[in-house]
Amino acid sequence: MTRSIFRKDGTAQGVAKQRLIETLAEPDKRVINDPHANGFVAGSGLMKLMGHKLNVSLSAKIAPGFHEHLIARTRFIDDLIRDCAANGTEQYVILGAGYDSRAHRLGLPPSLRIFEVDQLEVQTRKRSKLPKDIPNSASVTYVSVDFNHQSLSQQLMAAGFDQSRPTVFTFEGVSQYVSKEAVASTIEELALLTQETSAALFMSYVDELLDTNPEACFGKGYPRAAKRAEMIMGLSGRVGEPWISFYTAEDLERLLSKNGFSVVDNKTLADLNSVYFTPVGRTLSEDQLMNLEHFVVAKG
Ligand SMILES: C[S@@+](CC[C@H](N)C(=O)[O-])C[C@H]1O[C@@H](n2cnc3c(N)ncnc32)[C@H](O)[C@@H]1O
């Protein structure tokens, strides 16, 4: 692996690592199941030896609720995609797909056309790691785009995107890495691409409060909020993918509505705690609720 490839897939690996850890939980205790995450994570053998409990408790020492925040985000989108696929959506575009394996693990209908968009280097590594016999691989088209420098529509259209088909887009854990200008023009492109049909969009964004007032961003009594906010942002910077864009709910709503999307949902870990973690006996206490990201669904 070259140094530049390592730098580009550091955060994609980080998220896949949390999915691997969650998958190690007993089936009746886990919130998501990603049997493919294993193949993308360096040191996965050791994590498997350690098991779910130890991995989660180590992660909680570094940043309480960080694991659960990423897992809640994954599950929230899994539910959205299953729902869209069952209700007439014909195309799914995964923006900044990284090592997302939804195409292969959700039992989606083969008629759903899936476009995975990411930087070429990350896609090349992903494809080299995917097992040959992974389910549903014929439904996936890889489209390489750098949001900061390339037009998404041009690349998607060249890859066979059909502007007449109802489409869902997910932009999971990406907006913080991309300039606000590039995010705005990507959303503009999504609106233009789907002006003849219906569209749903999931987008996560990092709350501006993380940068300006971490105590207010995290749950009541969250320990050492400012230090942990600094550490989380610092870790991404150290793997060469700094967080550069933060939003308020109003910013995002304005940006989406300007492009014809209306927000139908905006959740944080605090909202999803009782929905996902309570049913499996893992309710988080208030001092573990890190509400650093918001999970937004909009319809166009
Ligand atoms: C934190 S990872 C999230 C990956 C995946 N969505 C997930 O949740 O597992 C961020 C992803 O955004 C991609 N990304 C970051 N900047 C990008 C850019 N300018 N153009 C395209 N993709 C980008 C990275 O390559 C990486 O796969």
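Below is a short write-up of the structure. (Residues numbered from 1 in each chain as written. Predicted model: local features only at pLDDT ≥ 70, side-chain atom pairs only at ≥ 80, totals over all residues. Heavy atoms only, no water.)

1. Notes on the sheet that holds strand β7 (residues 293-299)
Part 1 of the reasoning: Reading across from one edge, β3-β2-β1-β4-β5-β7-β6 is the order of the 7 strands in this open sheet, with mixed pairing throughout. Each end of this open sheet is capped by a strand with a single partner; those strands are β3 (140-144) and β6 (262-267). Taken over all neighbouring pairs, the strand axes of this sheet differ in orientation by 15° on average, direction set aside.
Part 2 of the reasoning: For strand β2 (residues 113-118) and β3, the ladder comprises 5 bridges, and the chain directions are parallel. Looking across to β3, one finds that Val-117 is bridged to Val-143. (Pairing = 2+ DSSP bridges. Helix = DSSP H or I, 4+ residues; strand = E, 2+ residues; numbered from the N terminus. Axes fitted to C-alpha atoms, helices over the stretch in contact; angles between N-to-C directions.)

2. Observations regarding the site of the ligand
Part 1 of the reasoning: The environment of the ligand is formed by 21 residues, the closest being Arg-19, Gly-96, Asp-118, Phe-147 and Glu-172.
Part 2 of the reasoning: One nitrogen or oxygen atom from the side chain of Gln-119 is found 2.9 Å from an oxygen atom belonging to the ligand.
Part 3 of the reasoning: Within the side chain of Asp-146, a nitrogen or oxygen atom sits 2.9 Å from a nitrogen atom of the ligand.
Part 4 of the reasoning: Within the complex, the protein chains bury 97% of what would otherwise be the 590 Å² of accessible surface of the ligand. (Near = heavy atom within 4 Å. Polar contact = N/O pair within 3.5 Å; in protein donor to acceptor, adjacent residues only side chain to side chain. Areas by Shrake-Rupley, 256 points an atom, 1.4 Å probe, with all protein chains shown as cover.)

3. What about unusual backbone geometry?
Part 1 of the reasoning: In this model, Asn-136 sits at a positive phi of 65°, which is unusual for a non-glycine residue.
Part 2 of the reasoning: Tracing the backbone through its elements, the reader meets Asn-136 in the loop between α5 (120-129) and β3.

4. Observations regarding the side chain of His-69
Part 1 of the reasoning: Within the secondary structure layout, His-69 lies in helix α3 (residues 66-86).
Part 2 of the reasoning: Setting aside residues up to four positions removed in sequence, His-69 forms contacts with Leu-269, Met-290, Leu-292, Glu-293 and Phe-295. (Contact = heavy atoms within 4.5 Å.)

5. So, the layout of surface pockets
Part 1 of the reasoning: The calculated volume of the second largest pocket comes to roughly 310 Å³.
Part 2 of the reasoning: Lining the second largest pocket are 18 residues, with Leu-80, Asp-83, Cys-84, Ala-200 and Lys-299 sitting closest to its centre.
Part 3 of the reasoning: Within the residue set of the lining of the second largest pocket, elements represented by two or more residues are α3, β4 (167-171), β5 (199-206), β6 and β7.
Part 4 of the reasoning: Here the lining of the second largest pocket takes 5 residues from α3, the largest share from any one element.
Part 5 of the reasoning: The residue inventory of the lining of the second largest pocket, partitioned by class, reads 9 nonpolar, 5 polar and 4 charged. (1 Å grid on protein atoms, 1.4 Å probe; cavity = no way out; pocket = protein on both sides within 12 Å on 5 of 7 lines; lining within 4 Å. Points joined across faces, edges and corners; volume = space filled by probe spheres on them. Nonpolar A, V, L, I, M, F, W, Y, C, P; charged D, E, K, R; others polar.)

6. Focus on the environment of Ile-232
Part 1 of the reasoning: With respect to the secondary-structure elements, Ile-232 resides in helix α10 (residues 225-238).
Part 2 of the reasoning: Setting aside its immediate chain neighbours within four residues, Ile-232 contacts Ala-63, Phe-66, Trp-243, Met-290 and Leu-292.

7. Here we look at the pattern of salt bridges
Part 1 of the reasoning: Scanning the entire structure with this criterion turns up 17 salt bridges.
Part 2 of the reasoning: Here Glu-121 makes a salt bridge to Lys-8, at a shortest N to O gap of 3.1 Å. Of this pair, Glu-121 sits in helix α5 while Lys-8 sits in helix α1 (residues 3-23), and the two are 113 residues apart along the sequence.
Part 3 of the reasoning: Note on Glu-121: relative accessible area 28%, which makes it partly exposed.
Part 4 of the reasoning: Classification of Lys-8 by relative accessible area gives partly exposed; the value is 28%.
Part 5 of the reasoning: Asp-9 is the salt-bridge partner of Arg-125, the closest N and O atoms lying 2.9 Å from each other. Of this pair, Arg-125 sits in helix α5 while Asp-9 sits in helix α1; the two residues are 116 residues apart in sequence, bridging distant segments of the chain.
Part 6 of the reasoning: The buried category is assigned to Arg-125, whose relative accessible area is 10%. (Salt bridge = Lys/Arg side-chain N within 4 Å of Asp/Glu carboxyl O. Buried < 20%, exposed > 50% of the residue type's maximum accessible area, 1.4 Å probe, protein only.)

8. Remarks on the packing of aromatic side chains
Part 1 of the reasoning: On inspection of all chains with the given rule, the structure shows 10 aromatic pairs.
Part 2 of the reasoning: One aromatic cluster is present, formed by Phe-76, Phe-202 and Phe-295 through successive ring pairs.
Part 3 of the reasoning: Seen from the ring of Tyr-247, Lys-180 lies directly overhead, with NZ or CZ sitting 4.7 Å from the centre. (Phe/Tyr/Trp six-rings, centres within 6.5 Å; stacked < 30°, edge-to-face > 60°. Lys NZ or Arg CZ within 6 Å of the ring centre and 35° of its normal.)

9. Some details on the pairing of β2
Part 1 of the reasoning: Judged by how many residues are buried, β2 sits mostly within the fold: 5 of 6 residues are covered.
Part 2 of the reasoning: As judged from the 5 bridges shared by strand β1 (residues 91-95) and β2, these two strands associate in the parallel manner. Note that in β2 the partner of Gln-91 across the bridge is Arg-113.
Part 3 of the reasoning: With α5 bridging β2 and its parallel neighbour β3, the resulting β-α-β unit is right-handed. (Right-handed = clockwise from strand over helix to strand, strands pointing away.)

10. Here we look at α10
Part 1 of the reasoning: Between the first and last C-alpha of α10 there are 20 Å, a value that for 14 residues agrees with the 20 Å anticipated at 1.5 Å per step.
Part 2 of the reasoning: Along α10, the positions that sit buried rather than exposed are Ala-225, Arg-228, Ala-229, Ile-232, Met-233 and Ser-236. For α10, the angular spread of buried residues about the axis comes to 130°, placing them on one side. Seen from the buried face of α10, the exposed residues on the opposite side, beyond 90 degrees, are Lys-227, Glu-230 and Arg-238.
Part 3 of the reasoning: In the stretch just after α10, Gly-240 is the one whose phi turns positive, near 85°. (Expected span 1.5 Å × (residues − 1). Arc of directions from axis to C-beta.)

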